[in-house]
Amino acid sequence: MEPNRPDVTHNVHQLRVNSTGRQMTHGPARIDCETASLLRAVLLPIFDAARSWTDLIDQLEAKGYHPMFRGGELCLTKQSDGSRICGLRFLGLEMRDLVQRLGRPCVLPCNALTADGEILRQMPRRSILN
């Protein structure tokens, strides 16, 4: 956390707990416009500066976020508990632009029924069978 910068993730987490106290993890977050502006101000420079998927993952994780596919869409989750923060569209980004600039991500499927997947830092090495 940078000095003099509000904890945007905490604000988003507070907004994502429903009236019964149960956290919603897969649906879009309900974020007020001020929190949305702060979130975009923190995240967009990270996406702009990334030179590879590994670089993007490392920079996001340094801020406490993790990119992941949920429901077939790339979104950011909170690294501490895996709750969904926002998707690319919320940030004004397009997956095709990221793929053009960073290449195709290597995705490890987590759940075939919900199209969830983990973005790997690098391609897994294939073992040679004798």
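Notes on the structure in this doc start here.

1. Overview of helix α3 (residues 53-62)
In step 1: Every buried residue of α3 is listed here: W53, L56, I57, L60 and E61. All buried residues of α3 project into a common sector of 125 degrees when viewed along the axis, lining one side.
In step 2: Contacts from the buried residues of α3 go to α2 (33-49), β1 (65-70), β2 (73-78), α5 (95-102) and β5 (116-120).
In step 3: G64, located one to two residues past α3, shows a positive phi value of around 95 degrees.

2. Some points on unusual backbone geometry
In step 1: Positive phi values are uncommon outside glycine, yet A115 reaches one of about 60 degrees.
In step 2: Looking at the element boundaries, A115 is found in the loop between β4 (106-111) and β5.

3. Some thoughts on the packing of α2 against α3
In step 1: Where α2 contacts α3, the axes come no closer than 9 Å and their chain directions differ by 155 degrees. Compared by their axis directions, α2 and α3 come out roughly antiparallel. The element α2 and its partner α3 pack so that their crossing is right-handed. Residues L43, I46, F47 and A49 of α2 touch α3, and the partners they reach there are D55, L56, Q59 and L60.
In step 2: Of the residues that constitute the contact of α2 with α3, the class distribution is six nonpolar, one polar and one charged.

What counts, and where the lines are drawn
- Residues numbered from 1 in each chain as written.
- Predicted model: local features only at pLDDT ≥ 70, side-chain atom pairs only at ≥ 80, totals over all residues.
- Heavy atoms only, no water.
- Buried < 20%, exposed > 50% of the residue type's maximum accessible area, 1.4 Å probe, protein only.
- Helix = DSSP H or I, 4+ residues; strand = E, 2+ residues; numbered from the N terminus.
- Arc of directions from axis to C-beta.
- Contact = heavy atoms within 4.5 Å.
- Axes fitted to C-alpha atoms, helices over the stretch in contact; angles between N-to-C directions.
- Parallel < 35°, antiparallel > 145°, perpendicular 65-115°, else oblique.
- Left-handed = near helix turned anticlockwise from the far one by under 90°.
- Nonpolar A, V, L, I, M, F, W, Y, C, P; charged D, E, K, R; others polar.

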